[in-house]
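# Report on the structure
Residues per chain, in single letters:
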Amino acid sequence: MKMRSKHWVGWICGLIIIFVVAFGTILHVNHSNKLVKKQQTMQKSSIKSQRDSLPKNSKLSDWQLILINKQHPRTSEIHFNQVTVDDKQIDQRILKPLTDFRAGAKVAGYDTTLVSGYRSIAAQTKVYQDSLQQNEANGMDRETATKLTKSVIQTPGSSEHQTGLAVDLAGSDALAKYPALMAQMDEFKSQKWLIKHAADYGFVLRYLKDSKSISQTGIDYESWHFRYVGIANAQYMVKHHLTLEAYRNILRNAGQN
Ligand SMILES: [Zn+2]
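Here is a short report on the structure shown in this document. (Residues numbered from 1 in each chain as written. Predicted model: local features only at pLDDT ≥ 70, side-chain atom pairs only at ≥ 80, totals over all residues. Heavy atoms only, no water.)

## Focus: empty space enclosed by the protein
Applying the stated criterion across every chain yields a total of 1 cavity of 30 Å³ or more. Within this model, the largest cavity holds a volume of roughly 30 Å³. Lining the largest cavity, in full, are Val-204, Leu-205, Arg-206, Leu-208, Met-237, Leu-242, Thr-243 and Leu-244. Classifying every residue of the lining of the largest cavity by side-chain character gives 6 nonpolar, 1 polar and 1 charged. (1 Å grid on protein atoms, 1.4 Å probe; cavity = no way out; pocket = protein on both sides within 12 Å on 5 of 7 lines; lining within 4 Å. Points joined across faces, edges and corners; volume = space filled by probe spheres on them. Nonpolar A, V, L, I, M, F, W, Y, C, P; charged D, E, K, R; others polar.)

Structure follows, in structure tokens:
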């Protein structure tokens, strides 16, 4: 009799365990399905909200949305009206936005320095060749020298500075600490201000920090390189955390060519 009751207790415990495991599995699968569905809905609605608020008048062919990168190099010089600011050339069309941007920083208490503006392909070629020669003079073979040069200098034809719409702009205090331009310049309040308010003046920080953006731009984070795209485009890009590459794809998919 004692043997029999132990036997039953064993059976009941076994059944309870099987029941709990089975029920738990069903609950878990159900919950996972709900999560997947919820994620899909969220993705759909985020794509939809991106489409809905897309600047209606923006087109891929707009002058301020020109794209130059490693995948889209240009071999011929771009012609536009140049103006000179602090000994640097820029496209005349961004003179007012850039002046306003820097004036805004000044009002907030930050002096800024325009480090770089327009660079012709010829000038970019010279910078590139000088770096290559310097590396070789330091004893590197051609392959190593090229690799190092390419890691810090855009190949001639693929630099956005050729557009006249890109500027290297730094808080003067940040630049004093990092004269060679370093990502850490964004430790400074001045640089933080520039990054935060750029879109109000039609600029975006062109080379973002996260790995997805870096894979799109092909350029590491640069806390100083701003690109003019126009206020509506800039605000949209910042709101949806988009690189120019990604934003252009959205315009293309929406048929805004
Ligand atoms: Zn730059």
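And the narrative resumes.
## What to know about the sheet that holds strand E5 (residues 203-205)
Taken in spatial order, the 4 strands of this open sheet run E3-E4-E6-E5, and their pairing is antiparallel. In this open sheet, the two edge strands, each paired with only one partner strand, are strand E3 (112-116) and E5. Here the strands of the sheet are splayed against their neighbours by 40° on average, with no regard to which way each runs. Direction of pairing for strand E4 (residues 166-171) relative to strand E6 (residues 225-228): antiparallel, over a ladder of 3 bridges. Note that in E6 the partner of Ala-166 across the bridge is Arg-227. Those strands touched by helix H2 (residues 95-107) are E3, E4, E5 and E6, and its axis lies near 140° from that of E3. (Pairing = 2+ DSSP bridges. Helix = DSSP H or I, 4+ residues; strand = E, 2+ residues; numbered from the N terminus. Axes fitted to C-alpha atoms, helices over the stretch in contact; angles between N-to-C directions. Contact = heavy atoms within 4.5 Å.)

## Notes on the pairing of E4
Burial within E4 is extensive, with 6 of its 6 residues counted as buried. Here E4 shows two buried faces, one formed by Ala-166, Asp-168 and Ala-170 and the other by Val-167, Leu-169 and Gly-171. Inspection of the sheet shows E3 paired to E4 by 4 bridges, in the antiparallel sense. Each residue of the ladder has a partner; that of Thr-113, found in E4, is Ala-170. (Buried < 20%, exposed > 50% of the residue type's maximum accessible area, 1.4 Å probe, protein only.)

## Brief notes about the layout of surface pockets
Looking at the largest pocket, its volume works out to about 650 Å³. Lining the largest pocket are 29 residues, and of these Ser-151, Val-152, Ile-153, Glu-222 and Trp-224 lie nearest its centre. Listed by contribution, the elements that provide at least two residues to the lining of the largest pocket are E3, helix H3 (121-137) and helix H4 (142-152). Top contributing element to the lining of the largest pocket by residue count: H4, with 3 residues. The calculated volume of the second largest pocket comes to roughly 290 Å³.

## Quick look at the environment of Lys-59
Locating Lys-59 in the fold gives a position in the loop between helix H1 (2-52) and strand E1 (82-85). Under the relative-accessibility criterion, Lys-59 is labelled partly exposed at 40%. Separated by 189 residues in sequence, Lys-59 and Arg-248 place their C-alpha atoms 8.6 Å apart.

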